[in-house]
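Here are the chains, one letter per residue:
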Amino acid sequence: MSVPARFAVLALCALMPVGEAAAQMTYGQCADRARDRYMRGQVDPVIGPDRALDLYRADLRECVSIDAQNRRHDTRVDQQRTDQQRLDQQRSEAQRIEQQRDQQRAEQQRLDQQRADQQRLDQLRARQREDMLRNRR
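Residues numbered from 1 in each chain as written. Predicted model: local features only at pLDDT ≥ 70, side-chain atom pairs only at ≥ 80, totals over all residues. Heavy atoms only, no water.

Participant: Lay out the state of the cysteines with the relevant residues and their values.
Facilitator: On inspection of all chains with the given rule, the structure shows one disulfide. One disulfide bridge connects Cys-30 with Cys-63, the sulfur atoms lying 2.0 Å from each other. Disulfide Cys-30 to Cys-63: torsion about the S-S bond roughly -85 degrees, handedness left-handed. On the criterion of sequence distance, the pair formed by Cys-30 in helix H3 (residues 27-43) and Cys-63 in helix H4 (residues 48-136) is long-range, its members being 33 residues apart. Owing to a relative accessible area of 0%, Cys-30 belongs among the buried residues under this scheme. Residue Cys-63 is classed as buried on the basis of its relative accessible area, which comes to 1%. (Disulfide = S-S within 2.5 Å. Helix = DSSP H or I, 4+ residues; strand = E, 2+ residues; numbered from the N terminus. Buried < 20%, exposed > 50% of the residue type's maximum accessible area, 1.4 Å probe, protein only.)

This is how it looks when you write it as structure tokens:
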């Protein structure tokens, strides 16, 4: 490979953003990768120590950015999870209250039915008494 071609390949590799490859990396993994790239770049005559240091700094800024994105994402996911748990708890409480109301309605219906049955029974007994009194006369 010729020197200009080698330079072009190394330059492209050196310029590849760490962020794309490290989209799911933690800050530590990203920083390790940046440090490894810095070490390789220092000894590479095409890149050199100054350019390697510049790239290293850019990589670390990208790592910080990735870490901030990951933290925002984690915070958003935690908030969604908390919101969902609160909604689930509210639904559960609403269902419990609805069940209590249903039980109260059923109990009220049972009591109403008992009262109606008792009134019919009282009316029937009253008629029977009246009939007995009429028959005795």
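Participant: Would you mind going over H3 in detail, with residue names and values included?
Facilitator: Compared with an ideal rise of 1.5 Å per residue, which puts 17 residues at 24 Å, H3 spans 25 Å between its outermost C-alpha atoms and is within 8% of the ideal. Taken as a whole, H3 has its buried residues at Cys-30, Ala-31, Ala-34, Arg-37, Tyr-38 and Gly-41. Down the axis of H3, the buried set is contained in an arc of 125 degrees. They therefore lie on one face. The exposed set on the far side of H3, more than 90 degrees from its buried face, consists of Arg-40 and Val-43. (Expected span 1.5 Å × (residues − 1). Arc of directions from axis to C-beta.)

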